[in-house]
Amino acid sequence: MKKYLLLTVFSVVCIVFTAFSQIAEDGDYRTRSTGALTWSGITTWQVRTGGSWANTTTPPTSANNVYIQASS
């Protein structure tokens, strides 16, 4: 009985963690850690493409997910 309870609790914790975690997807933007940071400046942003972050040529719009990183 204890095994089933432990398995149930573990499963619930995993489901909750997965539901509330933020996973970057292609098309999402993030700030670069250095440089002149302005919202509309293309040197401020990187975009997620093919599972990797790359420099972008267009700033994000209200339709994009945006991640703000701590500056270094």
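Look up a bit, the structure's there.
Quantities reported herein were computed from a predicted structural model and do not represent experimental measurements. Every chain is numbered independently, its residues counted from 1 as its sequence is written. It should be noted that, the model being predicted, local features are given only for residues of pLDDT at least 70 and side-chain atom pairs only at 80 or more, the latter also being counted only at that level, while totals for whole chains, interfaces and linings use all residues. For side-chain calculations, the full set of non-hydrogen atoms in the structure is used, while hydrogens and water are omitted.

S.K.: Run through the overall build of the chain, naming residues and quoting values.
M.R.: Strands here mean DSSP runs of E at least two residues long; helices mean DSSP runs of H or I at least four residues long; both are numbered from the N terminus. When its secondary structure is counted, the chain shows 1 helix and 4 strands. Reading the chain from its N end, one meets helices and strands in the order α-β-β-β-β. Computed with the Shrake-Rupley method and a 1.4 Å probe, the accessible areas treat only the protein chains shown as cover for residues. Here the chain displays about 5,700 Å² of accessible surface, and carbon together with sulfur accounts for 64% of that area.

S.K.: Any chance you could break down the pairing of strand β2 (residues 45-49) for me, citing the residues and the numbers?
M.R.: Burial analysis of β2 places 4 of its 5 residues in the buried class, the great majority of the element. Looking at chain direction, strand β1 (residues 29-31) and β2 are connected through 3 bridges and run antiparallel. If you follow R30 over to β2, its bridge partner there is Q46. In the sheet, β2 pairs with strand β3 (residues 52-55) via 4 bridges, with the strands oriented antiparallel. From the neighbouring strand, V47 faces β3, where its bridge partner is A54. Strand pairing is assigned whenever DSSP detects at least two bridges linking the two strands. Where β2 folds back onto β3 in an antiparallel hairpin, the turn is made up of 2 residues, including G50, whose phi is positive at roughly 60°. Categorising residues by exposure relies on relative accessible area from a 1.4 Å probe, with only protein chains included: less than 20% of the type maximum marks a residue as buried, more than 50% marks it as exposed, and the intermediate range marks it as partly exposed.

S.K.: Can you break down the side chain of Q46 residue by residue, with the values?
M.R.: Tracing the backbone shows Q46 in strand β2. Side-chain atoms alone can form a polar contact between residues adjacent in sequence; in general such a contact is a pair of N or O atoms within 3.5 Å, and within protein one must be able to donate a hydrogen while the other accepts it. There is a polar contact of 2.8 Å between the side chain of Q46 and the side chain of R30. Side-chain polar atoms of Q46 contact the side chain of N55, separated by 3.4 Å.

S.K.: Mind laying out the side chain of T31, listing which residues take part and the relevant values?
M.R.: Position of T31 among the secondary structure elements: in strand β1. For T31, a relative accessible area of 6% translates into the label buried. Contacts are assigned to residue pairs with any non-hydrogen atoms lying within 4.5 Å of each other. Contacts of T31, omitting those with residues within four sequence positions, involve T44, W45, Y67, I68 and Q69.

S.K.: I'd like to hear about the sheet that holds strand β4 (residues 66-67), residue by residue, with values.
M.R.: Here 4 strands make up an open sheet; going across it, the order is β3-β2-β1-β4 and the pairing mixed. With one partner strand each, in any of the chains shown, β3 and β4 form the two edges of the open sheet. With 2 bridges joining them, β1 and β4 adopt parallel strand pairing. Within the sheet, the bridge partner assigned to R30 lies in β4 and is Y67.

S.K.: Hey, could you go over the packing of aromatic side chains for me, with residue numbers and the actual values?
M.R.: Aromatic contacts are taken between Phe, Tyr and Trp rings whose centres are within 6.5 Å, Trp giving its six-membered ring; a plane angle under 30 degrees counts as stacked, one over 60 as edge-to-face, and the others as tilted. In the structure shown here, the tally under the stated rule is 1 aromatic pair. Between Y29 and W45 the ring centres are 6.4 Å apart and the planes differ by 85°, which places this aromatic pair in the edge-to-face class. Highlighted residues: Y29 in strand β1 and W45 in strand β2, separated in sequence by 16 residues. Note on accessibility: Y29 and W45 belong to one class, buried.

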